[in-house]
Amino acid sequence: MTGRVEGKVALVTGAARGQGRAHALRLAEEGADIIAVDIAGPIPGLQYPHATVDDLAETVRLVEKTGRSIESAAVDIRDAPALGAAIDRGVDRFGHLDIVVGNAGVCYIAPWDQVTPEIWEETISTNLTGTWNTIRLATPHLIANGGGSIILTSSVAGLKGLPFLLPYVASKHALTGMTEALAHELAQHKIRVNSLHPGGVETAMGDASAQAHFGPAIEGNPSVGGMLITSTQDSLTQPADQANAVLFLASDEASFVTAQHLAVDAGASTY
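Thresholds, definitions, all that
- Residues numbered from 1 in each chain as written.
- Predicted model: local features only at pLDDT ≥ 70, side-chain atom pairs only at ≥ 80, totals over all residues.
- Heavy atoms only, no water.
- Helix = DSSP H or I, 4+ residues; strand = E, 2+ residues; numbered from the N terminus.
- Buried < 20%, exposed > 50% of the residue type's maximum accessible area, 1.4 Å probe, protein only.
- Contact = heavy atoms within 4.5 Å.
- Pairing = 2+ DSSP bridges.
- Axes fitted to C-alpha atoms, helices over the stretch in contact; angles between N-to-C directions.
- Core = buried A, V, L, I, M, F, W, Y, C linked by side-chain atoms within 4.5 Å.
- Patch = residues over 30% accessible without salt bridge, like charges linked within 9 Å, V, L, I, M, F, W, Y side chains within 5 Å.
- Areas by Shrake-Rupley, 256 points an atom, 1.4 Å probe, with all protein chains shown as cover.
- Salt bridge = Lys/Arg side-chain N within 4 Å of Asp/Glu carboxyl O.

Asks: In this structure, what is going on with the environment of Ile-150? I would like to understand it.
Replies: Looking at the element boundaries, Ile-150 is found in strand S5 (residues 148-153). What makes Ile-150 buried here is its relative accessible area of 0%. Through-space distance from the C-alpha of Ile-150 to that of Ala-28 is 17 Å; in sequence the pair is 122 residues apart. The contact partners of Ile-150, leaving out residues within four places of it in the chain, are Val-100, Thr-139, Leu-142, Leu-186, Ile-191, Arg-192, Val-193 and Asn-194.

As structure tokens, this is what we get:
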């Protein structure tokens with residue numbers, strides 16, 4: 001099957017690498033032009049390598065290789081004026097907006113009593129407030145276009161309370177609830193809203209240097225360590241696995257799918 005989003009335009013945040021790049025590329029392969037946004041720079045205290053402008057440029061190269069067009073911007077989704085300007089430039093170039101993939105996010109691993117105010121603020125402001133900025137600035141374009149699809153990247157941590165990820169869990173549960181509230185409010189505009197719930201994904205966020213922080217945390221509280229495993233041998237999914245789910249939710253195949261929470265997580269959310 002090809003052309004599943006032919007002629008559509010998709011905004012993808014966190015598009016420089018990992019899941020965001022995979023989403024942009026998969027949608028482009030199926031016919032969409034892309035508006036790609038990423039901070040593409042340092043983030044305080046991050047436990048894994050940050051995305052770069054070179055990463056974003058590689059996303060541009062890969063999308064253009066499919067034959068589709070892409071408008072990119074190195075923008076922090078917490079910077080609402082800059083984000084709004086980037087979205088508007090993309091819509092001005094392509095003429096409309098059909099799909100919004102709110103994918104950008106950060107994660108810090110730490111026991112609850114090692115969560116600093118800075119870690120809390122960085123996580124909540126990016127994952128929740130930044131995603132809200134994306135929604136409120138992009139949705140008027142969907143309404144003007146007569147409808148569309150919004151997909152928010154939540155997490156297994158948005159379906160159950162994983163340990164050692166307290167701010168992340170709080171932010172991702174908020175996105176899960178936001179999905180349902182928005183889906184019902186925006187239905188009158190023919191806009192569907194769903195959330196994606198990845199488990200472990202082989203990306204920079206899943207880098208060994210970051211995951212190593214789980215070890216000492218589990219040693220200090222071993223009884224909850226089992227919550228972090230899955231029922232399958234391959235516990236890590238690939239970005240492409242998540243992108244296939246995004247493509248489905250963005251396409252007309254999901255015309256009656258809204259207010260739903262799709263877990264692509266090797267069974268982790270129910271383990």
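Asks: Is there a simple way to think about the sheet that holds strand S4 (residues 99-102) in this case?
Replies: Pairing between the strands of a sheet comes from backbone hydrogen bonds, and it takes one of two forms, parallel or antiparallel. Taking strand neighbours across the sheet as the criterion, the seven strands line up as S3-S2-S1-S4-S5-S6-S7 in an open arrangement whose pairing is parallel. Looking along the sheet, the strands with just one partner apiece sit at the ends: strand S3 (70-74) and strand S7 (261-264). The sheet shows a mean angle of 15° between the axes of neighbouring strands, direction not considered. Sheet topology places strand S2 (residues 33-38) next to S3; five bridges connect them, and they run parallel.

Asks: Looking at this structure, how should I read the nonpolar core?
Replies: Note that soluble globular proteins tend to have their nonpolar side chains buried in a common cluster. Leu-11, Ile-35, Val-37, Leu-97, Val-100, Ile-150 and Val-193 are the most contacted members of the largest nonpolar core, which totals 28 residues. Formed by 26 residues, the second largest nonpolar core is a distinct cluster that contains Ala-16, Ala-24, Ala-51 and Ala-250.

Asks: Would you mind going over the side chain of Gln-242 with me for this structure?
Replies: Considering the arrangement of structural elements, one finds Gln-242 in helix H8 (residues 239-250). The residues touching Gln-242, leaving out its near neighbours within four places in the chain, are Gln-19, His-23, Leu-196, Pro-198, Val-201, Thr-237 and Val-264.

Asks: Would you mind showing me how to read a nonpolar patch on the surface here?
Replies: A cluster of nonpolar residues, Trp-112, Trp-120 and Leu-166, forms a patch on the protein surface that exposes about 380 Å² of accessible area. Residue position: Leu-166 is located in helix H5 (residues 166-186).

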